[in-house]
Amino acid sequence: MLVMGDALAMAVLQARGFKQQDFARLHPSGAIGRAMLSRVVDIMRSGARNAVAEQTVSVKEALLVMTRARSGSLSVVDGRGKLVGVFTDGDFRRHIAGDDSLLAKPLKQVMTRKPISIRENALAVEALKVFNERNIDDLIVVNSKREPVGLVDSQDLPRLKLM
């Protein structure tokens with residue numbers, strides 16, 4: 001009977017054109033509604049918590065910026081402020097083993113080019129999907145000009161109750 005009831009309810013919802021946004025609107029305070037309505041801009045780290053540095057900055061300086069932001073990654077930008085790469089704790093560990101002069105090198109020599117990013121107006125559930133599909137820890141948030149405006153850290157997701 002439960003299965004038949006659920007099937008009937010789904011058929012009626014589909015026939016009436018009930019969409020995911022309608023569910024979120026009718027259940028805004030619940031975890032599902034919150035996850036469906038939240039935008040990346042609502043959950044991202046910004047300001048002092050968003051580590052950003054130009055590609056000409058040394059690795060040592062970049063590590064200090066990351067430390068101040070309490071972040072495991074840093075968005076790397078060109079002279080116009082456009083996102084060109086990412087530098088992570090993992091990048092540092094991979095490079096330090098074989099390079100004694102790493103701390104003095106500019107980020108452009110050691111960064112990961114073409115980082116995964118998401119637009120600030122994307123839904124938070126889209127960010128969650130990127131985390132699950134790409135197996136990353138941090139997701140850079142960009143605006144329409146491809147400038148980094150924030151960061152979503154996977155460690156923040158349980159606290160935000162999006163998972």
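The coordinates are above.
Computed from a prediction, not measured in an experiment: that's the story for all the values here.

### Remarks on the side chain of D153
Inference 1: As for its position among the elements, D153 is in strand 7 (residues 148-153).
Inference 2: Polar side-chain contacts of D153 include one of 2.8 Å to the backbone nitrogen of Q155.
Inference 3: Ignoring anything within four residues of it in the chain, the contact list for D153 reads R45, F131, D137 and D138.

### Notes on the nonpolar core
Inference 1: In this structure, A51, V59, M66, L74, V76, F87 and L107 are the most contacted members of the largest nonpolar core, which totals 16 residues.
Inference 2: Looking at this core, the elements with two or more residues in it are helix 5 (59-69) and strand 2 (73-77).
Inference 3: Top element by residues in this core is helix 5. It accounts for 6 residues.
Inference 4: Leaving out residues up to four positions away in the same chain, L107 has contacts with A53, E54, Q55, V57, V59, A62, L74, V76 and F87.

### Looking at the sheet that holds strand 3 (residues 83-88)
Inference 1: Taken together, 4 strands build an open sheet; the order of strands is 1-2-3-4 and the sheet is mixed. Of all strands in the sheet, those with a lone pairing partner are strand 1 (52-54) and strand 4 (112-113), marking the two edges.
Inference 2: Docked against the sheet, helix 6 (residues 89-96) engages strand 3 and strand 4, running at close to 70 degrees with respect to strand 3.

### A word on the layout of surface pockets
Inference 1: By volume, the largest pocket amounts to about 440 Å³.
Inference 2: If you go around the largest pocket, you meet 25 residues; those closest to its centre are S73, T88, I136, D137 and D138.
Inference 3: At the level of secondary structure, the elements contributing two or more residues to the lining of the largest pocket comprise strand 3, helix 6, strand 4 and strand 6 (138-142).
Inference 4: Ranked by the residues each element gives to the lining of the largest pocket, the list is headed by helix 6, at 5 residues.
Inference 5: Each residue belonging to the lining of the largest pocket can be placed in one class, and the counts come to 5 nonpolar, 9 polar and 11 charged.

### Some remarks on the environment of I136
Inference 1: The residue I136 is located in the loop between helix 7 (124-134) and strand 6 in this model.
Inference 2: The exposure class assigned to I136 is partly exposed, which follows from its relative accessible area of 21%.
Inference 3: Considered as a pair, I136 and S154 are 18 residues apart in the sequence and their alpha carbons are 7.9 Å apart.
Inference 4: Not counting the four nearest positions on each side in its chain, I136 is found in contact with I116, V130, F131 and S154.

### Things to note about the sheet that holds strand 7
Inference 1: An order of 5-6-7 is seen for the 3 strands of this open sheet, with the pairing classed as mixed. The open sheet is flanked by strand 5 (117-119) and strand 7, the only strands paired with a single partner. Across the sheet, the mean angle from the axis of one strand to that of its neighbour is 35 degrees, orientation sign disregarded.
Inference 2: The pairing of strand 6 with strand 7 spans 5 bridges and is antiparallel.

### Here's the deal with the pairing of strand 6
Inference 1: Within strand 6, 5 of the 5 residues are buried, leaving the element largely enclosed by the surrounding structure.
Inference 2: Of the pairings in the sheet, the one linking strand 5 to strand 6 comprises 3 bridges and is parallel in character. By the bridge assignment, I118 is partnered in strand 6 with V141.
Inference 3: The turn linking strand 6 back onto strand 7 is made up of 5 residues, and R146 within it adopts a positive phi angle of 65 degrees.

Reading the values: rules and limits
Residues numbered from 1 in each chain as written. Predicted model: local features only at pLDDT ≥ 70, side-chain atom pairs only at ≥ 80, totals over all residues. Heavy atoms only, no water. Helix = DSSP H or I, 4+ residues; strand = E, 2+ residues; numbered from the N terminus. Polar contact = N/O pair within 3.5 Å; in protein donor to acceptor, adjacent residues only side chain to side chain. Contact = heavy atoms within 4.5 Å. Core = buried A, V, L, I, M, F, W, Y, C linked by side-chain atoms within 4.5 Å. Buried < 20%, exposed > 50% of the residue type's maximum accessible area, 1.4 Å probe, protein only. Pairing = 2+ DSSP bridges. Axes fitted to C-alpha atoms, helices over the stretch in contact; angles between N-to-C directions. 1 Å grid on protein atoms, 1.4 Å probe; cavity = no way out; pocket = protein on both sides within 12 Å on 5 of 7 lines; lining within 4 Å. Points joined across faces, edges and corners; volume = space filled by probe spheres on them. Nonpolar A, V, L, I, M, F, W, Y, C, P; charged D, E, K, R; others polar.

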